[in-house]
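Coordinates in review
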Amino acid sequence: MQAANLNANPKISVAEFVKKSPAEMELKVLAGEKGLAKREISSTRIQKLGLALAGFSHYIHAGRIQIVGQSEITYLLQLEREKRIAAIHNLELEKICCILITKNLEPPRELLEIAQKENLPVLRTPLISSKTIRIVSDFLQELLAPQTTIHGVLMGMYGLGILILGESGIGKSECALDLITRRHRLISDDTVIVKKIGDDLIGSSHDLTAEHLEIRGLGILNVRDLFGVSAVGRSKRINLCIELKKWSEVLEVERLGIEMRQEEILEVKIPKFVLPVSSGRNLSTLVETAVRVYLLKVSGYDAAQKLIEKHTAAISGENK
């Protein structure tokens, strides 16, 4: 497998978060504008500042968005001005990437003044805290997902995401074109962006090359224009990997298909078939059949195992 541009621990600036955040959050910057580009979000987890404001500042984790809701605002407002300022300064402000105030609450003036001085972004949303935490967590799960770029082709077949690997020129794109004519769907050709979201690998295409296929002798093809909108897709969970290899490079050919190999991407293992390539072999038929075999295995039917059981039973009968 050829992989590049591995980004296992991505970060984004607070400015990028504000720019890309879901529209329903209606984010507004209240203070600390100069820190928007400098401070970075590196965690998908969200924190509430309640404990830290009460004096337990060591609970603050760098890189997490800090939520301030009704309870935090109420606590600050009940303090005398000097104690309020002390509580805010006790937050280890250099560790905080940004503060997000919910429910369109009005923060204490001291908080905004200190944040402005420390270049600490303070944001505000009209959403309540519980909904804000859910939306932000889901949004950051995708935005901060570990990712890598793989040289290969990703197809949507029978509801599954099929990653086709192999060295350049072995026939991956030609195989994809034939599969498209069989009503399967192209997700990405040549380079596949793979993100790890939870325990799943999600593959997609670069915006620039989406819906395009490169075929030697024909050039760049627009699959949507040639075959219609149903022939393309933007992303797919990767369920199965099929690697195409020259016959001379395959050290061991699986004859029975009892044990499936695995491909590890971003520490996630997915089942894999290795198909030897030689003249006269119909790659698209082999790939399509491999996917059908995998579906049968997942459903509990294994043709090779059934044959072995029949063979064992036949031998046992002869020896009685």
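Please read these numbers as outputs of a predicted model, since none were measured by experiment.

**Some words on the packing of helix α7 (residues 172–181) against helix α9 (residues 283–299)**
With their axes 8 Å apart at the nearest point, α7 and α9 run at an angle of 70 degrees to one another. On the basis of their axis angle, the class for α7 and α9 is roughly perpendicular. Viewed along their axes, α7 and α9 form a crossing whose handedness is right-handed. Packed against α7, whose contacting residues are Cys175, Asp178 and Leu179, the element α9 presents Leu283, Ser284, Val287 and Glu288 at the interface. A breakdown of the residues in the contact of α7 with α9 according to their chemical character gives 4 nonpolar, 1 polar and 2 charged.

**Re the side chain of glutamate 263**
With respect to the helices, strands and loops of the structure, glutamate 263 is situated in strand β18 (residues 261–265). Residue classification places glutamate 263 among the buried positions, given a relative accessible area of 8%.

**A closer look at the sheet that holds strand β6 (residues 65–68)**
Here we have 5 strands laid out as an open sheet, ordered β3-β8-β7-β6-β5, and mixed in their pairing. A single partner strand is all that each edge strand has here, and the edge strands are β3 (28–31) and β5 (46–48). The average undirected angle you get between the axes of adjacent strands in this sheet is 35 degrees. Alignment of β5 against β6, held across 3 bridges, turns out to be parallel. Within the sheet, the bridge partner assigned to isoleucine 46 lies in β6 and is isoleucine 65. This element, helix α6 (residues 129–143), spans β5, β6 and β7 (98–101) of the sheet and lies at about 155 degrees to β5.

**A word on the environment of lysine 245**
As for its placement among the helices and strands, lysine 245 is situated in strand β17 (residues 235–246). Placed 79 residues apart in sequence, lysine 245 and glycine 166 show a C-alpha to C-alpha distance of 6.1 Å.

**Concerning helix α5 (residues 109–118)**
All of the buried residues in α5 are Glu110, Leu111, Ile114 and Ala115. Along the long axis of α5, the arc covered by the buried residues comes to 130 degrees, so they all point the same way. For α5, the exposed residues set more than 90 degrees away from the buried face come down to Arg109 and Lys117. Buried residues along α5 sit in contact with β3, α4 (81–89), β7 and β8 (122–124).

**What to know about the environment of serine 248**
Residue placement: serine 248 occurs in the loop between β17 and β18. Spatially, the C-alpha atoms of serine 248 and valine 277 are 9.0 Å apart, while their sequence positions differ by 29 residues.

**Looking at the packing of aromatic side chains**
Per the counting criterion, the structure on display carries 1 aromatic pair. Ring geometry for phenylalanine 17 versus phenylalanine 139: centroids 6.0 Å apart, planes at 55 degrees, classification tilted. Highlighted residues: phenylalanine 17 in helix α1 (residues 14–20) and phenylalanine 139 in helix α6, separated in sequence by 122 residues. The pair formed by phenylalanine 17 and phenylalanine 139 is uniform in burial state, with each residue classed as buried.

**Considerations on the packing of α4 against α5**
Here α4 crosses α5 at 40 degrees, and the two axes come no closer than 10 Å. Our classification of the angle between α4 and α5 gives oblique. The two elements α4 and α5 cross, and the hand of that crossing is right-handed. Where α4 abuts α5, its residues Arg81, Arg84, Ile85, Ile88 and His89 lie against Arg109, Glu110, Leu111 and Ile114.

**Let's talk about the pattern of salt bridges**
Scanning all chains against the criterion turns up 15 salt bridges. The salt bridge partner of arginine 234 is aspartate 207, with a shortest N-O separation of 3.1 Å. Residue arginine 234 is located in the loop between α8 (223–227) and β17, and its partner aspartate 207 is located in the loop between β14 (200–204) and β15 (212–215); the two are separated by 27 residues in the primary sequence. Residue aspartate 207 is classed as exposed on the basis of its relative accessible area, which comes to 67%. For glutamate 263, the salt bridge goes to lysine 272, with nearest N and O atoms at 2.8 Å. Judged on exposure class, the residue glutamate 263 and its partner lysine 272 are both buried. Through salt bridges with shared partners, a single ionic network connects Arg81, Arg84 and Glu110.

**Describing the environment of lysine 195**
Mapped onto the fold, lysine 195 is located in strand β13 (residues 191–197). Measuring from C-alpha to C-alpha, the distance between lysine 195 and isoleucine 265 comes to 9.5 Å, with 70 residues separating the pair along the chain. If near-sequence neighbours (up to four positions away) are discounted, lysine 195 is found in contact with Glu142, Ala145, Pro146, Gln147, Asp200, Leu201, Ile202 and Leu266. Among the polar contacts made by the side chain of lysine 195, one reaches the main-chain carbonyl oxygen of glutamate 142 at a distance of 3.4 Å.

Here is what the cut-offs are and how they apply
- Residues numbered from 1 in each chain as written.
- Predicted model: local features only at pLDDT ≥ 70, side-chain atom pairs only at ≥ 80, totals over all residues.
- Heavy atoms only, no water.
- Axes fitted to C-alpha atoms, helices over the stretch in contact; angles between N-to-C directions.
- Helix = DSSP H or I, 4+ residues; strand = E, 2+ residues; numbered from the N terminus.
- Parallel < 35°, antiparallel > 145°, perpendicular 65-115°, else oblique.
- Left-handed = near helix turned anticlockwise from the far one by under 90°.
- Contact = heavy atoms within 4.5 Å.
- Nonpolar A, V, L, I, M, F, W, Y, C, P; charged D, E, K, R; others polar.
- Buried < 20%, exposed > 50% of the residue type's maximum accessible area, 1.4 Å probe, protein only.
- Pairing = 2+ DSSP bridges.
- Arc of directions from axis to C-beta.
- Phe/Tyr/Trp six-rings, centres within 6.5 Å; stacked < 30°, edge-to-face > 60°.
- Salt bridge = Lys/Arg side-chain N within 4 Å of Asp/Glu carboxyl O.
- Polar contact = N/O pair within 3.5 Å; in protein donor to acceptor, adjacent residues only side chain to side chain.

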